[in-house]
Every structure is written in C-alpha cells, then in structure tokens.
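So the chains spell out like this:
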Amino acid sequence: MAYNTVKERPPVKPKANTLKAVPMPAPVEVPRQKGTSLFHLLDRYTKVDSIFRDGLPVKYLPYVLYIMAITLFYIGNTHYAEKTIRKIDRTKSETEDFRADYTTLKSDYMEASKQSEVARKVAPAGIVESSSPPYQIEVDGEEY
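Rules and cut-offs
Residues numbered from 1 in each chain as written. Predicted model: local features only at pLDDT ≥ 70, side-chain atom pairs only at ≥ 80, totals over all residues. Heavy atoms only, no water. Helix = DSSP H or I, 4+ residues; strand = E, 2+ residues; numbered from the N terminus. Buried < 20%, exposed > 50% of the residue type's maximum accessible area, 1.4 Å probe, protein only. Areas by Shrake-Rupley, 256 points an atom, 1.4 Å probe, with all protein chains shown as cover. Patch = residues over 30% accessible without salt bridge, like charges linked within 9 Å, V, L, I, M, F, W, Y side chains within 5 Å. Salt bridge = Lys/Arg side-chain N within 4 Å of Asp/Glu carboxyl O. Lys, Arg positive; Asp, Glu negative; His and termini not counted. Charge placed at Lys NZ, Arg CZ, Asp CG, Glu CD. Contact = heavy atoms within 4.5 Å. UniProt positions renumbered as here; feature names shortened; annotations may be inferred. pLDDT = per-residue confidence, 0-100.

**Focus on the overall build of the chain**
Piece 1. Broken down by element type, the chain carries 4 helices and 0 strands.
Piece 2. Its helices and strands taken in sequence order, the chain reads α-α-α-α from the N to the C terminus.
Piece 3. Per-residue burial for the chain yields a buried fraction of 1% across its 144 residues.
Piece 4. Per element, the accessible surface of the chain, about 15,500 Å² overall, is 62% carbon and sulfur.

**Quick notes on a positive patch on the surface**
Piece 1. Taken together, the side chains of Lys 83, Arg 86, Lys 87 and Arg 90 define a basic patch exposed on the protein surface.
Piece 2. Mapping Lys 83 onto the fold places it in helix α3 (residues 61–112).

**Focus on the pattern of salt bridges**
Opposite charge on two side chains lets them pair, provided their charged atoms get close.
Piece 1. Counted by the stated rule, this structure contains 2 salt bridges.
Piece 2. A salt bridge links Glu 111 to Lys 114, with the nearest nitrogen and oxygen atoms 3.5 Å apart.
Piece 3. On the basis of relative accessibility, which here comes to 42%, the residue Lys 114 falls in the partly exposed class.
Piece 4. Ionic pairing is found between Arg 120 and Glu 117, a salt bridge with its closest N-O pair at 2.6 Å. Here Glu 117 and Arg 120 lie together in helix α4 (residues 115–122), a separation of 3 residues that amounts to about one turn.

**Some remarks on a nonpolar patch on the surface**
Piece 1. On the surface, a nonpolar cluster with roughly 1,100 Å² of combined accessible area is contributed by Val 48, Ile 51, Phe 52, Leu 56, Val 58, Tyr 60, Leu 61, Tyr 63, Val 64, Leu 65 and Met 68.
Piece 2. Among the elements of the structure, α2 (48–51) and α3 are those that each provide at least two residues to the nonpolar patch.
Piece 3. If you tally residues by element for the nonpolar patch, the top one is α3, at 5 residues.
Piece 4. Mapped onto the fold, Tyr 60 is located in the loop between α2 and α3.

**Topic: the side chain of Glu 117**
Piece 1. Residue Glu 117 is classed as buried on the basis of its relative accessible area of 18%.
Piece 2. In this view, Glu 117 contacts Glu 111 and Ala 112; residues no more than four positions away in its chain are not counted.

**Here we look at the UniProt feature "transmembrane region" (unreviewed entry) in the chain**
Piece 1. As recorded in UniProt, the sites labelled "transmembrane region" (unreviewed entry) are residues 60–80.
Piece 2. Along residues 60–80 one finds 95% helix and 0% strand; the C-alpha atoms at either end are 30 Å apart.

**Focus: the confidence of the model for the chain**
Piece 1. Across the chain, the average pLDDT comes to 84, with 83% of residues at or above 70.
Piece 2. Confidence, expressed as mean pLDDT per element, reaches its minimum in the chain at α2 with 75 and its maximum at α3 with 96.

Here's what the structure looks like:
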C-alpha cells in the first residue's frame, strides 16, 4: 500500500505590517415605503399567515398533492405532444422528399420506355426496329 509522500509544512507566520485590515464601510440602508413590495401585497390579500399559524394544516395535503399530480401530468402531456408534433413534421418532410423522388423516377422511366429511346439503346447490340407492321394470325377455335 502506498504511503502519502506529501509532508506537512509548519504554519507560516505573517510578517509584520504586510497585511493590514481595512475597515469596510457600513452598508447604507435605503428606507422603503411600506406596502409597495409584491410580497407585502400578497401577504395583505391572501392572509397566508392565518392558515399556517398552528402549523402545517394536514387537511389540505390531499388537495395539494392532487394539484401537484395534475400539474406534473400536464407538463408531461405537453412534452409528449411537442415530441409527437416534431415527429409528424419530420415524417411530412420525408414524405415530400419521397414524393419528389417518385415523380422524378417515374418521369425518367416514362422517357426511357419510349419506342424511339428503346430502339436507340438496343442499336449497339445489333437489334433493329422492324420496318414492316405486325400482322395478326387468326386460328379457328376448332384447331386450338
């Protein structure tokens, strides 16, 4: 087990006349007018002191807990709704991108499947377009 190698130093005595205590000026209090504070107004109109005079009233505890639970549920529901809205927006943007890709690919396919384009692409392979029109072979129903 390792031992602490730091040695304690003896306390250093301050040299004479190096640190003089400078007296701090006394704080000046500004007189306030009575009744202008927000808390004074709340205290005047709510009379909270009379409720807590004999201690914490336990009869209000279920109501306070109920309100706290409703508040927490409301906050959680708001966060969930915002998350869902962000997810919907992201899905809408992806859908628009896919729709644009689909339209582009469909137009490219329509262009590539034209008869003239097909003939031009297969010409290097030695396949030529027929100059005679196709004809229909008729077979009697009895022969088939």
